[in-house]
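What the coordinates show
Residue-level listing of the chains:
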Amino acid sequence: MRLFGSRLRRALRRGLESDGGIYECLQAVRDYKIRSRADVKAIVQALVDVPNESTELAALLEQVDKNSPAHAELRQIGVQELVRVFDGHLDRGVGDARYMMDVLRVLAMYGGSEGAQRIVGAAGTPSLAAVGRGGYWYAVLRSLPDGADREFVFETLADPLSAGPVVDALLEAGNMLALAGGLRKHPFDSVEGCDQLRRWLAADDPDNRLNATVALAFMESPLRDDLLGTAMEHADPYVRIEAAWVSARAGDPGGLDALADFCRTPQHAVVAIRYLEELERDDVVPSSANDPGFRAKAEFANWLAHPSELGRSPDRLEITDHRLLDWPPAGDRIPLWIVRYEIDSDSTQGDPQSDCGLVGSTTWCFFERLMDHWSTEDCYAVHCCWELGLYPDEADDSPEYSRLLTEYRDGLLENAVVTHILRIPRRVKYPRRVVALASASKEGESGYAVLDGPDSRWYSKADLPDGSYEEETLVMIHVGRKLLEFDGPPNR
């Protein structure tokens with residue numbers, strides 16, 4: 001395959017010729033709008049010839065300008081080639097299911113009725129219907145453009161309902177499109193659909209419970225009110241919040257009252273306030289929910305609940321410190337809060353958890369550094385360094401680092417070894433470009449010497465709290481405290 005010409009085709013050629021795949025090479029053309037027929041031909045040909053890179057190549061086709069010759073090329077010729085490949089794999093029972101789902105997503109976007117027919121057929125093919133990881137079915141269904149083909153796919157998959165990953169994706173995609181006004185009828189607005197929603201409300205999967213509750217906003221079935229009552233009394237508070245939103249959206253004052261009550265608990269306030277604002281009823285948000293300290297706890301709880309963090313709200317929250325600081329990462333004086341969270345052992349089916357994080361600039365908690373073992377000012381110092389991008393690296397045996405030991409003047413170090421180096425860029429107003437940490441003994445005590453010119457300091461290991469990443473953390477604490485002008489010994 002020969003690819004010449006545009007910036008995209010050059011990046012594509014480099015990616016296909018490299019050993020590590022095309023992801024890195026295509027980063028440079030993420031903002032590239034595909035308008036030429038030649039670009040589309042190159043991508044389609046690569047998608048046919050290099051199936052192991054199908055996810056990246058399929059994503060590229062989302063960048064096709066719908067008012068360009070590229071779009072016409074894709075609809076008139078590219079789709080036929082991809083249909084041929086898809087049908088060939090399906091007839092022979094060969095090929096990676098992930099690859100076929102990537103091709104199916106392109107057919108959903110551009111394949112019209114032919115693409116819609118393949119989606120329905122794939123949902124009835126066991127090897128493809130079972131593809132669950134990575135949200136492949138959701139990606140296919142949400143890619144269908146508005147119109148008769150989308151309605152055909154959703155109506156066909158809803159009667160009768162499919163099973164497994166397909167039905168899960170049908171619920172999630174149906175909610176997303178219904179919220180945007182892009183479906184004539186929700187796929188679960190039927191007796192069979194409501195029965196499935198009831199099963200999800202009683203099941204253990206939290207995502208399906210929430211999605212099932214959201215779907216009630218788009219139900220016209222007489223079974224809807226009974227299901228909403230079940231959701232309003234559910235043991236899961238997140239289900240009750242969604243149910244309150246559904247009820248308030250329908251004009252029920254009880255739903256508004258329930259959302260107002262959720263505004264009073266920091267674990268749920270962010271979502272409840274957002275729903276009231278969307279409903280243009282922020283007038284019912286309690287005044288207590290606008291207190292800055294309450295908002296800080298609510299922001300931290302919402303951050304912790306994100307799936308990439310704890311994935312749930314804590315059982316308790318406490319502000320352990322609040323102050324106005326000249327904050328170097330912001331270049332301004334801003335309010336900051338240190339917030340501590342706790343999770344009980346009975347709610348995690350394991351050991352209880354606790355730690356603290358920062359709210360006010362970038363909401364964050366380190367978890368593995370166990371910052372609640374350190375002092376409040378230590379916590380500010382570590383977050384300051386992290387936001388500035390100052391991270392220590394492990395030191396090698398460079399003579400440059402060993403020479404730093406000779407600058408230490410605060411007593412005699414024994415068995416000193418430089419273990420970590422922190423390089424500080426000029427944009428950070430710090431008196432030195434390099435600060436190092438040495439593991440050593442001093443007067444019979446083991447500990448660490450931070451090598452920072454005239455500001456070098458000894459830290460006895462006995463005075464430090466137990467925790468993970470203690471060496472890297474100690475360097476960040478030392479530098480951060482100086483940047484924040486915290487004077488005097490820390491109270492640990």
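My aim in this report is to walk through the structure given alongside it, one point at a time. Note that the structure is predicted; figures quoted are calculated from it, not measured. (Residues numbered from 1 in each chain as written. Predicted model: local features only at pLDDT ≥ 70, side-chain atom pairs only at ≥ 80, totals over all residues. Heavy atoms only, no water.)

Examining the sheet that holds strand S8 (residues 457–460)
Pairing in this open sheet of five strands is antiparallel, and the strands run S4-S5-S6-S7-S8 from one edge to the other. With partners counted over all chains shown, the strands left at the sheet margins are strand S4 (393–394) and S8, one partner each. Relative to strand S6 (residues 434–442), strand S5 (residues 414–423) runs antiparallel, the two being bridged by seven bridges. Pairing of Val418 across the sheet is with Ala438, part of S6. Strands in contact with helix H22 (residues 470–483) are S5, S6, strand S7 (445–451) and S8; relative to S6, the strand with the most contacts, it is inclined by about 120°. (Pairing = 2+ DSSP bridges. Helix = DSSP H or I, 4+ residues; strand = E, 2+ residues; numbered from the N terminus. Contact = heavy atoms within 4.5 Å. Axes fitted to C-alpha atoms, helices over the stretch in contact; angles between N-to-C directions.)

Quick word on the pairing of strand S1 (residues 316–327)
Two elements, S1 and strand S2 (residues 332–343), share 11 bridges in a ladder whose sense is antiparallel. If you follow Arg323 over to S2, its bridge partner there is Leu336. Where S1 hands over to S2, the hairpin turn is made up of four residues, of which Gly331 adopts a positive phi near 65°.

Structural notes on the packing of aromatic side chains
What characterises a pair of aromatic rings is the spacing of the ring centres plus the angle enclosed by the ring planes. With the rule as written, the count across this model stands at 10 aromatic pairs. Taking the centre distance of 6.2 Å and the plane angle of 10° together, the rings of Phe300 and Trp303 count as stacked. With Phe300 and Trp303 both in helix H18 (residues 292–304) and three residues apart, this pair spans about one turn of that helix. Here Phe300 and Trp303 have matching classes, each one buried. The rings of Phe300, Trp303, Tyr341, Trp364, Phe366, Phe367 and Trp386 are connected pair by pair, giving a single aromatic cluster. (Phe/Tyr/Trp six-rings, centres within 6.5 Å; stacked < 30°, edge-to-face > 60°. Buried < 20%, exposed > 50% of the residue type's maximum accessible area, 1.4 Å probe, protein only.)

Digging into unusual backbone geometry
The peptide bond linking Asp159 to Pro160 adopts the cis configuration, its omega dihedral lying at -5°. Within the element layout of this structure, Pro160 appears in the loop between helix H10 (148–158) and helix H11 (165–179). The backbone phi angle of Asn415 is positive, close to 55°, even though this residue is not glycine. Here Asn415 is to be found in strand S5. The residue Glu443 is not glycine, and still its phi comes out positive at about 55°. Looking at the element boundaries, Glu443 is found in the loop between S6 and S7.

What about the environment of Arg105?
Within the secondary structure, Arg105 sits in helix H6 (residues 97–110). For the pair Arg105 and Trp386, spaced 281 residues apart in the sequence, the C-alpha separation amounts to 39 Å. The residues contacting Arg105, other than those within four sequence positions of it, are Thr55, Ala58, Ala59, Glu62, Ala139, Val140 and Ser143.

Points about the pattern of salt bridges
One pass over the full model with this rule turns up 33 salt bridges. The partner of Asp65 in a salt bridge is Arg35, and the shortest N-O contact between them spans 3.2 Å. In this pair, Asp65 sits in the loop between helix H4 (54–60) and helix H5 (69–92) while Arg35 sits in the loop between helix H2 (23–27) and helix H3 (37–49), placing the two residues 30 residues apart along the sequence. Given a relative accessible area of 16%, Asp65 falls into the buried group. The exposure class of Arg35 is partly exposed, given its relative accessible area of 47%. Here the residues in one salt-bridge network are Arg316, Arg340, Glu342, Asp344 and Asp372, joined through shared partners. (Salt bridge = Lys/Arg side-chain N within 4 Å of Asp/Glu carboxyl O.)

Let's talk about H5
In this model, H5 (24 residues) spans 34 Å end to end at C-alpha, consistent with the 34 Å of a helix rising 1.5 Å per residue. In H5, a bend of some 40° at Gly78 exceeds every other bend along the element. Every buried residue belonging to H5 is among Ala70, His71, Glu73, Leu74, Gly78, Val79, Leu82, Val83, Val85, Phe86, Gly88 and His89, and all of these are buried. Tucked inside the fold, the buried residues of H5 contact H3, H6, helix H7 (112–123) and helix H8 (126–129). (Expected span 1.5 Å × (residues − 1). Bend = angle between axes of the 7 residues up to and from the residue.)

Considering the packing of helix H12 (residues 191–201) against helix H14 (residues 224–232)
Their axes nearest at 11 Å, the elements H12 and H14 cross at an angle of 10°. By the angle between their directions, the pair H12 and H14 is classed as roughly parallel. Note on element contacts: H14 touches H12 through Asp226, Leu227, Thr230 and Ala231, opposite Cys194, Leu197, Arg198 and Leu201. When the residues that make up the contact of H12 with H14 are grouped by side-chain class, the tally is five nonpolar, one polar and two charged. (Parallel < 35°, antiparallel > 145°, perpendicular 65-115°, else oblique. Nonpolar A, V, L, I, M, F, W, Y, C, P; charged D, E, K, R; others polar.)

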